[in-house]
Amino acid sequence: MTVYRGFDQETLDTEYRARGTVPSAVFEAAVARYASDSARARESLECREDIRYGQTADEVVDVFPAGGGAPVLFYIHGGYWRMLSQKESAFMAECFAGLGAAVVTVNYSLAPAASLDVIVAQCRRALAWTRAEAESFGGDPERIFVTGSSAGGHLTGAMISGGWHRELGVPEDIVKGACAISGIFDLEPIRLSEVNEWAGLDAAAARRNSPIHHLPEAGCPLVVSYGGNETSEFKRQTDDYAAAWRARGFSAEHVDMAEANHFDIVFDYQNPEGRLTRAVRGLMGL
C-alpha cells in the first residue's frame with residue numbers, strides 16, 4: 001500500500017531512518033566525538049554554562065563569549081528531537097571563536113516527553129534571549145546567525161519561518177543568515193513514518209511545525225547542505241526547501257558535501273577553511 005509519494009510503509013520508514021545510512025560504529029564514534037570535542041571547547045575557551053533562557057530546567061544555553069560587537073552563531077543540536085543536548089554541541093566553538101564569533105549552543109526538551117510545538121517554542125525563546133542578552137557576552141544583537149543539523153536543521157528552518165516574532169517581541173529579521181544541514185522541512189512524512197513513535201504528530205501539528213509551509217515575508221540568506229550518502233528523502237526535503245526559498249526571491253546556496261554522511265558533516269565546522277565553514281563565514285562577514 002502506498003503511504004507517501006509512492007512509498008510503501010517499509011520504504012518510507014527506511015527513507016527517514018537516518019541512522020540506517022551508516023554502520024552503528026560510525027554513528028557511535030560521531031556521537032562520542034561530539035561529546036569529547038565539545039568538552040575540550042568548554043575547557044579551552046571561556047564558557048558560561050547552563051544559562052537559563054526560560055522557566056524549565058531544560059531551557060538553558062551554553063555561551064562562548066567574544067570580545068565585543070561580534071556576530072553570534074546560534075547552534076541547535078540534532079538527535080531526531082529525542083537525544084543529545086547543548087553539551088554535545090560545542091565542537092565548532094574553538095573554530096568560530098578563533099574567527100571572531102560568539103557561540104551559543106542551545107538545549108531543549110526532548111521527545112517524546114516534549115512535543116514538537118514545545119521544542120520549537122523553546123528554541124524561539126532561546127533565540128529571543130540571545131538577542132536580548134547578546135551584548136552581555138560580546139555579541140552583536142543585530143548579527144545573529146542560526147545553524148543546526150538533522151533535527152537542528154529542521155529547527156533552524158523554524159527559526160527563520162514567519163509568523164511567530166510578535167509574540168516574543170523580536171523583529172522579523174532577528175536572524176541575519178542561516179545554515180540548515182540535513183534538515184526536514186515538511187513533517188507530513190514524519191507523521192506517517194516510524195519516527196512518529198516519538199514525534200507524536202497529528203496532521204495539524206505536522207503542518208504547524210513544517211518550515212516549508214511558513215516561509216517568511218522577508219527571508220535571510222540561507223545555506224543548505226546534506227551528506228552524499230543520505231537517503232533520497234533527506235536530499236529531496238532540502239532541495240525542495242531551498243527551491244521554495246528561492247521562489248520567494250530569497251537567496252539559497254547549496255554546499256556540496258558529497259563525501260560526508262548525516263552524522264559527520266558537521267565536523268566541517270571545525271575547519272576554518274571547510275566548505276560549510278566558509279559559507280557561514282560569508283554570511284557572518286568573517
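No experiment lies behind these values; they were computed from the predicted model shown. (Residues numbered from 1 in each chain as written. Predicted model: local features only at pLDDT ≥ 70, side-chain atom pairs only at ≥ 80, totals over all residues. Heavy atoms only, no water.)

Colleague: Which residues make up the nonpolar core, and what are the values?
Modeller: Among the nonpolar cores identified, the biggest contains 96 residues, and Y80, W81 and I190 are the most heavily contacted of them. The biggest single contributor to this core is helix α4 (residues 116–133), with eight residues. Sequence-distant contacts of I190, that is, excluding residues within four places in its chain, are made with Y16, Y80, W81, I184, V195, N196, A199 and L201. (Core = buried A, V, L, I, M, F, W, Y, C linked by side-chain atoms within 4.5 Å. Buried < 20%, exposed > 50% of the residue type's maximum accessible area, 1.4 Å probe, protein only. Helix = DSSP H or I, 4+ residues; strand = E, 2+ residues; numbered from the N terminus. Contact = heavy atoms within 4.5 Å.)

Colleague: Can you lay out the packing of α4 against helix α5 (residues 151–159) for me, pointing to particular residues and giving the numbers?
Modeller: Where α4 contacts α5, the axes come no closer than 10 Å and their chain directions differ by 65°. Regarding α4 and α5, the two cross each other, and that crossing is right-handed. Residue-level inspection shows L116, I119, V120, C123, R124 and L127 of α4 in contact with α5, the latter providing H154, L155, A158 and M159. Taken together, the residues of the contact of α4 with α5 sort by class into eight nonpolar, one polar and one charged. (Axes fitted to C-alpha atoms, helices over the stretch in contact; angles between N-to-C directions. Left-handed = near helix turned anticlockwise from the far one by under 90°. Nonpolar A, V, L, I, M, F, W, Y, C, P; charged D, E, K, R; others polar.)

Colleague: Help me get a handle on α4, residues and values and all.
Modeller: Taking 1.5 Å as the rise per residue, α4 with 18 residues should run 26 Å; its terminal C-alpha atoms sit 25 Å apart, in good agreement. Those residues of α4 that fall on the buried side of the exposure criterion are L116, I119, V120, Q122, C123, R124, A126, L127, A128, W129 and T130. (Expected span 1.5 Å × (residues − 1).)

Colleague: Run through the sheet that holds strand β4 (residues 102–106), naming residues and quoting values.
Modeller: Backbone hydrogen bonds are what pair the strands of a sheet, in a parallel or an antiparallel way. In space, the eight strands of this open sheet follow the order β1-β2-β4-β3-β5-β6-β7-β8, with mixed pairing throughout. The open sheet has two edge strands with one neighbour each: β1 (48–52) and β8 (252–254). Sheet twist, expressed as the average angle between the axes of neighbouring strands with direction ignored, equals 20°. When strand β2 (residues 60–64) meets β4, the two strands line up antiparallel, connected through four bridges. In the sheet register, D62 faces β4, and the bridge partner there is T105. (Pairing = 2+ DSSP bridges.)

Colleague: Can you tell me about the state of the cysteines, naming the residues and giving the values?
Modeller: Applying the stated criterion to the full structure yields zero disulfides. Of all cysteine sulfurs in the structure, the one in C220 sits closest to C123, which takes part in no disulfide; the separation is 16 Å. (Disulfide = S-S within 2.5 Å.)

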